[in-house]
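Residues per chain, in single letters:
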Amino acid sequence: MRHVLSALVMNRPGVLAHISGMLASREFNIESLSVGATENPEFSRMTFVVAGDARVLDQVRKQLEKIVTVVKVIDYSKEEYVERDLMLIKVSSSGGRRSEIHELVDIFRARIVDVSSDHVMIEISGQERKIEAFIDVMRPFGIIELVRTGRIALMR
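As the structure is a computational prediction, the values presented were derived from the model and not from experiment.

S.K.: Is there a simple way to explain the overall build of the protein in this structure?
M.R.: On a plain count of helices and strands, the protein comes out with four helices and nine strands. Counting from the amino terminus, helix and strand elements in the protein follow one another as β-α-β-β-α-β-β-α-β-β-α-β-β. Dimensions along the principal axes, computed over C-alpha positions, put the protein at roughly 55 × 35 × 30 Å. A burial count over the protein gives 39% of its 156 residues as buried. Considering only contacts in the protein between residues 6 or more positions apart, those separated by 24 or more positions represent 71%. Summing over all exposed atoms, the protein offers an accessible surface of approximately 9,100 Å²; the carbon and sulfur share of this is 51%.

Shown next as structure tokens:
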């Protein structure tokens, strides 16, 4: 089972390395990680997706809470929250298939952000299942390259 955790951390050099090293040393696998500034420049927010049962989740949370630079840990698994991923994907548009790609981009509420003679670059955000579905419909066109952010989340 996947769990989404958020840690409010002090905005200091080495915090990300310390936290990811601690989790790795205890053999917790981070499936997704996103770090960014918050409304307060003294803090950053780290959002993790970890796999495991309730025991694993509890251990990850407890280990995070022991770290001095961690101010607060939030477990979203029992709360109502909004989550998003962001992806840029470069898709081949050769063979006159650009209009088909454009239609799918509109259906998925994505945006074409760059165009060349033989490919288009698309930006899409949403829940993980939306991103995965978009990847699946783009495969027949030929995915040249893609990059995804880690998950971000906020409680409702």
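S.K.: What exactly am I supposed to notice about the nonpolar core here?
M.R.: One broad rule of soluble globular proteins: the nonpolar side chains tend to lie buried together. Judged by nonpolar contacts, the single largest core of 18 residues is most densely connected at Leu5, Ile19, Phe48 and Leu64. Sequence-distant contacts of Ile19, defined by excluding residues within four places in its chain, comprise Val9, Met46, Phe48, Leu64, Ile67 and Val70.

S.K.: Would you mind showing me how to read the pattern of salt bridges here?
M.R.: When the charged atoms of two side chains with opposite charge come close together, those side chains can pair. Tallied over the entire structure, the rule returns 14 salt bridges. Note that Asp58 and Arg61 form a salt bridge whose closest N and O atoms lie 2.3 Å from each other. Remark: Arg61 and Asp58 occur in helix H2 (residues 54-66); sequence separation between them is three residues, near one turn of the helix. Accessibility expressed as a relative area gives 24% for Asp58, which makes it partly exposed. Residue class for Arg61 comes out partly exposed when judged on its relative accessible area of 24%.

S.K.: So what exactly am I meant to see when it comes to the packing of helix H3 (residues 98-107) against helix H4 (residues 128-138) here?
M.R.: A pair of packed helices can be characterised by two numbers: the angle between their axes and the separation between those axes. Running from N to C, H3 and H4 point in directions that differ by 170 degrees, and their axes come no closer than 11 Å. Here H3 is positioned roughly antiparallel relative to H4, judged by the angle of their axes. Residue-level inspection shows Ile101, Leu104 and Val105 of H3 in contact with H4, the latter providing Phe134, Val137 and Met138. Taken together, the residues of the contact of H3 with H4 break down into six nonpolar, no polar and no charged.

S.K.: Sorry, what's going on with the layout of surface pockets here?
M.R.: The space that makes up the largest pocket amounts to roughly 230 Å³. Taken together, 14 residues line the largest pocket, and the ones lying closest to its centre are Arg45, Thr47, Ile152, Ala153 and Leu154. For the lining of the largest pocket, the secondary structure elements donating two or more residues are strand S2 (30-37), strand S3 (43-51), strand S5 (81-92) and strand S9 (152-155). The biggest single contributor to the lining of the largest pocket is S2, with four residues. The residue makeup of the lining of the largest pocket, split by class, is six nonpolar, four polar and four charged.

S.K.: Help me understand the pairing of S5 in this model?
M.R.: Within a regular beta strand, the side chains point alternately toward one face of the sheet and then the other, so they alternate between its two faces. Where S5 lies against S9, four bridges are found, and the strand directions are antiparallel. Within the sheet, the bridge partner assigned to Tyr81 lies in S9 and is Met155. Strand direction decides the pairing type here: S5 and strand S7 (residues 119-126), joined by eight bridges, are antiparallel. Within S7, the residue paired with Asp85 across the bridge is Gly126.

Parameters and conventions
- Residues numbered from 1 in each chain as written.
- Predicted model: local features only at pLDDT ≥ 70, side-chain atom pairs only at ≥ 80, totals over all residues.
- Heavy atoms only, no water.
- Helix = DSSP H or I, 4+ residues; strand = E, 2+ residues; numbered from the N terminus.
- Buried < 20%, exposed > 50% of the residue type's maximum accessible area, 1.4 Å probe, protein only.
- Contact = heavy atoms within 4.5 Å.
- Areas by Shrake-Rupley, 256 points an atom, 1.4 Å probe, with all protein chains shown as cover.
- Core = buried A, V, L, I, M, F, W, Y, C linked by side-chain atoms within 4.5 Å.
- Salt bridge = Lys/Arg side-chain N within 4 Å of Asp/Glu carboxyl O.
- Axes fitted to C-alpha atoms, helices over the stretch in contact; angles between N-to-C directions.
- Parallel < 35°, antiparallel > 145°, perpendicular 65-115°, else oblique.
- Nonpolar A, V, L, I, M, F, W, Y, C, P; charged D, E, K, R; others polar.
- 1 Å grid on protein atoms, 1.4 Å probe; cavity = no way out; pocket = protein on both sides within 12 Å on 5 of 7 lines; lining within 4 Å.
- Points joined across faces, edges and corners; volume = space filled by probe spheres on them.
- Pairing = 2+ DSSP bridges.

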